[in-house]
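Summary of structural features
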Amino acid sequence: MKVLENRLRRGLEEGDYYVAEQSCSTLYHRLTQARNHATGPEDLERALGIVLNGATELLSRKQVQAGTSLGLLAIKHHCDHSLPASPANIARIAALCDAYVFDEESQQTILES
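Note that the structure is a prediction, hence the values are computed from the model and not measured.

A word on the overall build of the chain. When you go through the chain residue by residue, the secondary structure sums to 6 helices and 0 strands. Taken from the N to the C terminus, the helices and strands of the chain come in the order α-α-α-α-α-α. Taken over C-alpha atoms, the radius of gyration comes to 14 Å for the chain, in line with the 13 Å a tight globule of 113 residues would show. Its C-alpha atoms give the chain principal-axis dimensions of about 45 × 35 × 20 Å. The burial tally for the chain puts 35% of its 113 residues in the buried class. For the chain, restricting intrachain contacts to residue pairs at least 6 apart in sequence, the fraction spanning at least 24 positions comes to 54%. Counting only carbon and sulfur atoms, one obtains 54% of the accessible surface of the chain, whose full area is about 7,000 Å².

Below is the structure:
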């Protein structure tokens, strides 16, 4: 896991956003689909935090497609694990939505997608 976490950090620092997105996604899947031990609530919460933080970080760097991909993974996590629509969960998703930067360049990227 440490190798993936370092790869994620390095991808963000060096502007290799594809590596950052893939590392984040891989970390998520490893935490949620642990084969050697039962996935506990702390693993699920950590996994969700990783994709939410990764999505927010990528969106703040105007990486709309990568950020959206991880954001959708976070939404899917909420559905797959039947998380309630609590104020805390709604706030997490709202914060993700707020991370979108809607300048002309970003709007053009969205329209081309």
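Right, picking up where we left off after that structure.
To continue, consider the state of the cysteines. Under the defined criterion, the tally for this structure stands at 0 disulfides. The thiol of Cys24 is unpaired, and the distance to the nearest cysteine sulfur, on Cys97, comes to 17 Å. Here Cys79 is not cross-linked by a disulfide; its sulfur's nearest cysteine counterpart is in Cys97, at 14 Å. According to the relative accessible area criterion, Cys79 is exposed, its value standing at 57%.

One finds Leu8, Cys24, Val51, Leu52, Leu58 and Leu70 to be the most contacted residues of the largest nonpolar core, which totals 23 residues. For this core, the elements supplying multiple residues, two or more each, are α1 (2-14), α2 (17-32), α3 (41-60), α4 (64-80) and α5 (87-98). Counting residues per element, this core draws most heavily on α3, which supplies 8 residues. When neighbours within four sequence positions are excluded, Leu70 is seen to be in contact with Glu21, Cys24, Ser25, Val51, Gly54, Ala55 and Leu58.

What follows covers the pattern of salt bridges. Charged atoms that come close allow side chains of opposite charge to pair. A full pass over the atoms with the stated rule returns 5 salt bridges. Here Glu5 and Lys2 are joined by a salt bridge, their closest N and O atoms 3.6 Å apart. Separated by 3 residues within a single helix, Glu5 and Lys2 lie in helix α1, roughly one turn from each other. Judged by relative accessible area, which is 60%, Lys2 ranks as exposed. Two residues, Glu57 and Arg61, come together in a salt bridge whose shortest N-O distance is 2.7 Å. Judged by relative accessible area, which is 29%, Glu57 ranks as partly exposed. A single salt-bridge network, built from bridges that share partners, covers Lys2, Glu5 and Arg46.

Rules used in this analysis
- Residues numbered from 1 in each chain as written.
- Predicted model: local features only at pLDDT ≥ 70, side-chain atom pairs only at ≥ 80, totals over all residues.
- Heavy atoms only, no water.
- Helix = DSSP H or I, 4+ residues; strand = E, 2+ residues; numbered from the N terminus.
- Rg over C-alpha atoms; globule rule 2.2 N^0.38 Å.
- Buried < 20%, exposed > 50% of the residue type's maximum accessible area, 1.4 Å probe, protein only.
- Contact = heavy atoms within 4.5 Å.
- Areas by Shrake-Rupley, 256 points an atom, 1.4 Å probe, with all protein chains shown as cover.
- Disulfide = S-S within 2.5 Å.
- Core = buried A, V, L, I, M, F, W, Y, C linked by side-chain atoms within 4.5 Å.
- Salt bridge = Lys/Arg side-chain N within 4 Å of Asp/Glu carboxyl O.

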